[in-house]
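Structural characterization, general
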Amino acid sequence: MPKATYIETEGKVHELDLPLGATFMEGAVQNDVKGIVAECGGSCMCATCHIYVDDAFLELLPEMEEEEEEMLEGATAERTPNSRLGCQVRISKALDGIILRVPGEQ
Amino acid sequence: MKKRVVIIGAGHGGVQAASTLREDGFEGEIVLISDESDAPYQKPPLSKGYLQGKQTAQAILFRSANYYNDNEIDLQLGVRVNHIYTQENQIELSDGSKLDYDYLIVATGACNRKLLFHGKIAEKIYYLRNFTDAKVIEEKINPARHIVIIGGGFIGLELAALAIEKEKKVTVIETEDRLMKRVLPEALSKVFYDTHKAHGVEMLLGVSVVDVIDGKTIKLNDGKTLETDLVLAGIGVIVETELTENSDISFDDGIVVNGFQQSNIPNVYAIGDCANHYNPFAKKSLRLESVQNAVDQAKVAASHIMGKPIEYNTVPWFWTNQYHLKLQMAGISFGFEEAIIRQSPKPDRFSVYYFRKEKLIAVDSLNRPADHLNARKLLAAGISPTKQQVEDFDFKLNSLLID
């Protein structure tokens, strides 16, 4: 299984093996990574699974759909070029080793 | 001595209450009781991603298998609670055993209203509420060619869209003269009606069902009869009275609670669909059937138990997905006096802003997620844009949020 590393706001690091195809939101919620709220359960409805993707992996992610783009505009924490919604991106072999940072608020 | 919190129901509210208690440092025992045999899961994907085959059973679980153990949450599956003894601070479980509590949180949700004909619950009509229901519907829907759905509300229409994706012939029967009438204005009902029609759904509005025979023959009040392979229904939910009826817990359509989710018995709380509360955004007492309400009330109850009371005061929000239509609702539009449409250049992308006495009370957004998120912030802050600002698509409503 490919690995993903989540870094919580207060620095706690989770190195996780995620099943292929799992979203980064699912990976976080099911492994008790603090700070990924995911109120809507992955429907791209609430923008509470906002994550910052490490620069090295940013280019490898699929492009954003318009709705993800719009939801991120309304996210609570600062939107940066590294911002994605965790429910809209999935782990793949190409993303093995990806590093994700959790924002301070959702 | 360590305190014990017992939570009845492991849906969105129950699981959130347990999590919040632990996150806030509750050191006592937490017992989380569910009458279902499945590990706690999220409900909205049942009528969407799960039945579409886009989300697996594993993907809709709230937490990993280890979560409950790791956090010392005693999860008891397949257990029903028969009775609450408020004097003794005790509940009786389905196996007859008793369990003491210091605090009790009732998070039992609601159950489907069933169709009754000739005074009896009709057989072979399928409803969707929990994971077991979803598995049954999944099995029934695949071999069926023609599916009749009774009820043109959120669940019925989500099922209709899903059945169309599975290339079924679909008929929707709705008693009202338009879809989702209870919650939506005409303009939005029409978009959904037109979209379902364009996808080939047969819509029978203003018609009611007088009988369903063997889950195959449907008799209507206009004298017509339909033959079908499968009947599904979504005609609303009610709160079961069984749990509280022989106790002194106040019940009126749901368990009556104050702003801290306490019932008339101070150490008995109710949260989510089963809690009848005064809602400051609706300005009346009601029950809300939504993830947001369950989750936020769970946090309120947990905080109260932790001695850090915060009163329930969150903007209600809801959503539905049907085909390419994503409808997000913020606030409660009940009792609005004026509805102003903010139209984007694309026909299927607009929001409706509801005003009462010049004050913004609710916003419904169709394929306009940014409007929805802004609306929640405006409503929470009590900021009302002018009607001119709403109508002017070039005016940035979020600029009102910056002081």
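Before any of the text, the structure's been laid out above.
Summarised in this report is the structure supplied together with it. (Residues numbered from 1 in each chain as written. Chains lettered and ligands numbered in written order. Predicted model: local features only at pLDDT ≥ 70, side-chain atom pairs only at ≥ 80, totals over all residues.)

1. Regarding the overall build of chain A
The helix and strand inventory of chain A stands at 3 helices and 5 strands. Reading chain A from its N terminus to its C terminus gives the helix and strand order β-β-α-β-α-α-β-β. For 106 residues, the compact-globule estimate of 2.2 N^0.38 gives 13 Å, and the C-alpha radius of gyration of chain A, at 12 Å, lies within 12% of that figure. Out of the 106 residues belonging to chain A, those deemed buried represent 42%. The contacts in chain A between residues at least 6 apart in sequence include a share of 67% that link residues at least 24 apart. (Helix = DSSP H or I, 4+ residues; strand = E, 2+ residues; numbered from the N terminus. Rg over C-alpha atoms; globule rule 2.2 N^0.38 Å. Buried ≥ 20, exposed ≤ 12 C-beta atoms within 10 Å, placed from the backbone. Contact = placed C-beta atoms within 7 Å.)

2. Let's talk about helix α4 (residues 131-141) of chain B
All names here are of chain B. When α4 is considered as a whole, its buried residues turn out to be Phe131, Ala134 and Ile137. Projected down its long axis, α4 shows its buried positions confined to an angular sector of 115 degrees, all on one face. Looking at α4, the residues exposed on the side facing more than 90 degrees away from the buried face are Thr132 and Glu139. Residues of α4 that are buried sit in contact with α2 (49-52), β11 (126-127) and β18 (230-233). (Arc of directions from axis to C-beta.)

3. Regarding the packing of helix α1 (residues 12-23) of chain B against helix α8 (residues 291-305) of chain B
Residues and elements named next belong to chain B. Where α1 meets α8, the closest approach of the two axes is 8 Å, and the angle between their N-to-C directions is 35 degrees. In the packing of α1 onto α8, the handedness of the crossing is right-handed. Contacts between α1 and α8 involve His12, Gly13, Gln16, Ala17, Thr20 and Leu21 on the former and, on the latter, Val291, Ala294, Val295, Gln297, Ala298, Lys299, Ala301, Ala302 and Ile305. By residue class, the composition of the contact of α1 with α8 is 9 nonpolar, 5 polar and 1 charged. (Axes fitted to C-alpha atoms, helices over the stretch in contact; angles between N-to-C directions. Left-handed = near helix turned anticlockwise from the far one by under 90°. Nonpolar A, V, L, I, M, F, W, Y, C, P; charged D, E, K, R; others polar.)

4. Some points on the sheet that holds strand β5 (residues 90-93) of chain B
Residue and element names in this part refer to chain B. Spatially, the 3 strands line up as an open sheet ordered β4-β5-β6, and their pairing is antiparallel. One side of each edge strand has no neighbouring strand; the edge strands of this open sheet are β4 (81-85) and β6 (98-100). Averaged over all neighbouring strand pairs, the angle between strand axes comes to 25 degrees, with direction disregarded. Summarising the sheet, β5 and β6 pair through 3 bridges and their orientation is antiparallel. Each residue of the ladder has a partner; that of Glu92, found in β6, is Lys98. (Pairing = 2+ DSSP bridges.)

5. Section: the pairing of β5(B)
Residue and element names in this part refer to chain B. Taken together, the 4 bridges between β4 and β5 define a ladder with antiparallel strand orientation. Following the sheet pairing, Val81 is matched in β5 by Leu93. Counting the residues that bridge the hairpin from β4 to β5 gives 4 residues, and of these Asn89 lies at a positive phi of roughly 55 degrees. Here β5 hands over to β6 after 4 residues, with Gly96 in that stretch at a positive phi of 90 degrees.

6. Looking at the environment of A:Asp54
Residue and element names in this part refer to chain A. Its location among the elements puts Asp54 in the loop between β3 (50-53) and α2 (55-58). Sequence-wise, Asp54 and Asn82 are 28 residues apart; in three dimensions their C-alpha atoms are separated by 6.8 Å. Residues contacting Asp54, with those up to four places away along its chain left out, are Ile98 and Ile99.

7. What about the packing of helix α3 (residues 66-73) of chain A against helix α9 (residues 369-381) of chain B?
In a packed pair of helices, the relevant descriptors are the angle between the two axes and the axis-to-axis distance. One can describe the packing of α3(A) onto α9(B) by two numbers: an axis separation of 8 Å at closest approach and a directional angle of 20 degrees. Between α3(A) and α9(B), the interaxial angle falls into the category roughly parallel. Helix-helix and strand crossings are classified by hand; for α3(A) and α9(B) the assignment is right-handed. Between α3(A) and α9(B), the residues in contact are A:Glu67, A:Glu70, A:Met71 and A:Glu73 and B:Pro369, B:Ala370 and B:Leu373, respectively. Split into classes, the residues belonging to the contact of α3(A) with α9(B) amount to 4 nonpolar, no polar and 3 charged. (Parallel < 35°, antiparallel > 145°, perpendicular 65-115°, else oblique.)

8. Comments concerning the interface of chain B and chain A
Taken together, the contact pairs 20 residues of chain B with 18 residues of chain A. Of all the secondary structure elements, the ones that give two or more residues to the side of chain B that touches chain A are α8, β24 (317-322) and α9 of chain B. Sorting elements by how many residues they give to the side of chain B that touches chain A places α9(B) first, with 4 residues. Its residues assigned to classes, the side of chain B that touches chain A comprises 12 nonpolar, 6 polar and 2 charged.

9. Some details on the sheet that holds strand β20 (residues 255-256) of chain B
Across the sheet, which stays open at both edges, the 3 strands sit in the order β20-β22-β23 (chain B) with mixed pairing between neighbours. Two strands close off the open sheet at either side, each with one partner strand: β20 and β23 (284-286) of chain B.

Remember that the coordinates give geometry; whether it matters functionally is a separate question.
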